Every structure is written in C-alpha cells, then in structure tokens.
Amino acid sequence: MIAALTWLLLYQLVGEILAHVLSLPIPGPVIGMALLFITLVIRGHDERPVPKALQETANTLLQHLSLLFVPAGTGVMIYLQLIADEWLPISVAIVVSTVGAMAVTALILKALTRRQSAEADHA
C-alpha cells in the first residue's frame, strides 16, 4: 500500500509541478490524475491493466472519502457570510454545471450505446 500511495503522490507532485511551471489554470492533482489515467491506458488492455496494489489503495481511499470533505465543510463555515452574499451566482453555477454534466453524460451514453449496438449488429 505504501508503494502505491507513493506512486499516487508522485503523480500528484508531477501534476503540481506542471501546473506551476506552465501556469495552467488546471489544478495539479487533476493533471496528475490525467497522467495516471494515460499511463494506465498506455499500459494496455490485458486482464488487469491496473496493478492490484494500486486498486487496493484506491479502494481504501474511496472508503474514507467522506473524511476528505471535512476541510471543505470547514471552509464553508468560515466563508458563510461571503456565500450568503453571493448565493445567486453560486446557485446558478451549481445548477448550470449539474445540468451540463448530466447532458454530457447522457450524450456519451447515447453514443456508446449506438456504438455497442452497431458492433453487435456487425458481429
């Protein structure tokens, strides 16, 4: 688990460095996660493209994901007055991003369903 956690943190570090050096508007952890995804895709589509240690470490982190929301909750409490003052733009951003994410998800699902049915027809 320590080795897999080290790899995850190294990918995050590389992402942070790239975000800082290239002045990217994307957070370093997101860049690191994209790099990890690219690594796993390049690794191939064998039976287990994700190493077992990495799978177990990711599952452990996901089991304790709720703990990662404690700092966000604290931030909300600290900036409660600012949130109250800016409730309208925040609400609009939440609604628009949620509807947008749902629409993109639906379009991707529709495209993949068509693709899968077309492949099944050709087989």
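Scroll up to find the structure.
Conventions we followed
Residues numbered from 1 in each chain as written. Predicted model: local features only at pLDDT ≥ 70, side-chain atom pairs only at ≥ 80, totals over all residues. Heavy atoms only, no water. Helix = DSSP H or I, 4+ residues; strand = E, 2+ residues; numbered from the N terminus. Rg over C-alpha atoms; globule rule 2.2 N^0.38 Å. Buried < 20%, exposed > 50% of the residue type's maximum accessible area, 1.4 Å probe, protein only. Contact = heavy atoms within 4.5 Å. Phe/Tyr/Trp six-rings, centres within 6.5 Å; stacked < 30°, edge-to-face > 60°.

J.: Describe the overall build of the protein, listing the residues and the values that go with them.
T.: Helix and strand counts for the protein come out as six helices and zero strands. Secondary structure elements of the protein occur, N-terminal to C-terminal, as α-α-α-α-α-α. For the protein, the C-alpha radius of gyration of 20 Å lies well beyond 14 Å, the compact-globule estimate for 123 residues. Taken along its principal axes, the extent of the C-alpha atoms in the protein is 60 × 40 × 35 Å. Going through the 123 residues of the protein one by one, you find that 10% of them count as buried. Counted over contacts in the protein with a minimum sequence separation of 6, partners at least 24 positions apart contribute 34%.

J.: Could you give an account of the packing of aromatic side chains, naming the residues involved and the relevant values?
T.: Within this structure, the stated rule accounts for one aromatic pair. Seen from their ring centres, W7 and Y11 are 6.4 Å apart, and the 45 degrees between their planes marks the pair as tilted. Of the two residues, W7 and Y11 both sit in helix α1 (residues 2-21), four residues apart, roughly one turn of that helix. Since its relative accessible area comes to 17%, Y11 is described here as buried.

J.: Explain unusual backbone geometry residue by residue, including any values.
T.: Backbone geometry at S23 places phi at a positive 50 degrees, although glycine is not the residue there. Overall, S23 belongs to the exposed group, its relative accessible area being 61%.

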